[in-house]
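# Examining the three-dimensional arrangement
These are the residues of each chain, in order.
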Amino acid sequence: MPLHTLNATPNQSAFAQCLRMLGPQDALLLLGDGVYGAIKDTEAAKALQNSGAELYILEPDARASGLEKRLAECFKPLDYDGFVELSERFPSQQAWY
Amino acid sequence: MTQTKKVLLLTRHAPYGGSLARAAVDAALAAAAFEQAPSLLFMGDAVLQLVSDQDASAVGTRSHGRVLESLPLYDIDQVFVDQTALLEYGLTSHDLAIDVILLDDPAMRQMLADHDHILSF
Amino acid sequence: MLLPDTAFDPEGFLRDINQWSPDVAEQIAASENIQLEAAHWEILYLLRDYYAQFDSSPAMRALVKYSAQKLGKDKGTSLYLLKLFPGSPAKLGSKLAGLPKPDNCL
């Protein structure tokens, strides 16, 4: 069960591929352009939620987007320290970009 | 006297993932400095460039939406936006940092047809 | 207290906008052989405001228009700005105000 990091918008192929590989035992961290997948009431956010994975979002990148207040609540904001702690919990990591 | 060519600047990428969004606005402002203000069309992920309240200080770059707010000072007053893409992201024109004109696909196709040159970013 | 040379890039622009102070402006002005008067300071603070608002340094066209909006038509002209900051007002003004070099300064 890897930790997935997703750095692509819902319109990029990396997003769809990540979604296909995302299992309910996995965790997903949205960062960079990945944060746009967490906007409330969008197809993208619903699809990520339906994966059953633990969902996180990198807070500095969410703040840069200007959409922090529009994100679905199921994505837990993490700072860089939180990212490190999350990485330590998972044996492997897969970066989608 | 030669007639001024109509230039369309088409931008399609999100603001921070790469350098294309920044290159697009730099090109628009540079062209405007030479009184060649292009038409600006934000398509697909580029609608995300326009979101208000961006704060990129934590990621060490300039806030793209704030730079776009300076467009009127360069006499670029009309900004066109892909309405379908905005809708896909659950956004409306009220979520954007500047006033825009929303276009559907036929209207965007018409824009591409109406210009002599297209700069694509 | 003067900033060391390392605080500036090879063209003399301040590397860190937060290090700017009126003393730093005087230091840059001395190296550009400019005597800063009240009229200069008005534009330097205007440039600081512009940067705070738009997260970028203005090119000439935007500086002229912004000056006209904020300071009135008399001061919002190329001529007025050229008199204060000879050569390239946007570039020189940005340098004195501690802003990055304008991207669109051609």
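Scroll up to find the structure.
Reference entry: report on the structure contained in this document. (Residues numbered from 1 in each chain as written. Chains lettered and ligands numbered in written order. Predicted model: local features only at pLDDT ≥ 70, side-chain atom pairs only at ≥ 80, totals over all residues. Heavy atoms only, no water.)

## Concerning the overall build of chain C
Helix and strand content of chain C: 5 helices and 0 strands. What you see in chain C, going N to C, is helices and strands ordered as α-α-α-α-α. A globule of 106 residues ought to have a C-alpha radius of gyration of about 13 Å, and chain C, at 13 Å, matches this closely. For chain C, the C-alpha atoms occupy an extent of roughly 40 × 25 × 25 Å along the three principal directions. Burial analysis of chain C (106 residues in total) assigns 46% to the buried set. In chain C, the proportion of contacts linking residues at least 24 apart, taken out of those at least 6 apart, comes to 52%. Taking the average location of the 11 positive side-chain charges in chain C and that of its 13 negative ones, the two points are 9 Å from each other. (Helix = DSSP H or I, 4+ residues; strand = E, 2+ residues; numbered from the N terminus. Rg over C-alpha atoms; globule rule 2.2 N^0.38 Å. Buried < 20%, exposed > 50% of the residue type's maximum accessible area, 1.4 Å probe, protein only. Contact = heavy atoms within 4.5 Å. Lys, Arg positive; Asp, Glu negative; His and termini not counted. Charge placed at Lys NZ, Arg CZ, Asp CG, Glu CD.)

## Thoughts on helix α1 (residues 22–31) of chain C
All names here are of chain C. Regarding α1, the residues found buried are Val24, Ala25, Gln27, Ile28 and Ala29. Structurally, α1 contributes buried residues whose contacts are with α2 (38–54) and α5 (89–96). One or two positions beyond α1, positive phi appears at Asn33, with a value near 55°.

## Some thoughts on empty space enclosed by the protein
Residue and element names in this part refer to chain B. Under the definition given, this model contains 1 cavity of 30 Å³ or more. A volume near 30 Å³ is recorded for the largest cavity. Taken together, Leu9, Thr11, Ala24, Val25, Ala28, Leu40, Phe42, Gln49 and Leu68 make up the lining of the largest cavity. For the lining of the largest cavity, the secondary structure elements donating two or more residues are β1 (7–11), α1 (20–33) and β2 (39–42). With 3 residues, α1 is the largest single contributor of residues to the lining of the largest cavity. (1 Å grid on protein atoms, 1.4 Å probe; cavity = no way out; pocket = protein on both sides within 12 Å on 5 of 7 lines; lining within 4 Å. Points joined across faces, edges and corners; volume = space filled by probe spheres on them.)

## Section: the sheet that holds strand β2 (residues 27–30) of chain A
Residue and element names in this part refer to chain A. A sheet is described by the order of its strands in space; here 5 strands give the open sequence β4-β3-β2-β1-β5, paired in parallel fashion. Edge positions in the sheet fall to β4 (76–78) and β5 (93–96), since each of these pairs with one other strand and no more. Along the sheet, successive strands turn relative to each other by an average axial angle of 25°, direction set aside. With 4 bridges connecting them, strand β1 (residues 3–6) and β5 associate as parallel partners. Note that in β5 the partner of Leu3 across the bridge is Gln93. Strand contacts of helix α1 (residues 13–21): β1, β2 and β5, with the helix running at about 165° to β1, the strand carrying the most contacts. Packing of helix α4 (residues 80–89) onto the sheet brings it into contact with β1, β2, β3 (54–58), β4 and β5, and relative to β3 it is tilted by some 145°. (Pairing = 2+ DSSP bridges. Axes fitted to C-alpha atoms, helices over the stretch in contact; angles between N-to-C directions.)

## So, the pattern of salt bridges
A full pass over the atoms with the stated rule returns 17 salt bridges over all chains. Of the charged contacts in the structure, one is a salt bridge between Asp103 of chain C and Arg22 of chain B, with a shortest N-O distance of 3.6 Å. Highlighted residues: Asp103 of chain C in the segment after α5 and Arg22 of chain B in helix α1, drawn from two different chains. A salt bridge links Glu32 of chain C to Lys95 of chain C, with the nearest nitrogen and oxygen atoms 2.9 Å apart. Placement of Glu32 of chain C in the loop between α1 and α2 and of Lys95 of chain C in helix α5 is noted, with a sequence separation of 63 residues between them. For Lys95 of chain C, a relative accessible area of 10% gives the class buried. Overlapping salt bridges bring together Arg22, Asp26 and Arg62 of chain B together with Asp103 of chain C as one network. (Salt bridge = Lys/Arg side-chain N within 4 Å of Asp/Glu carboxyl O.)

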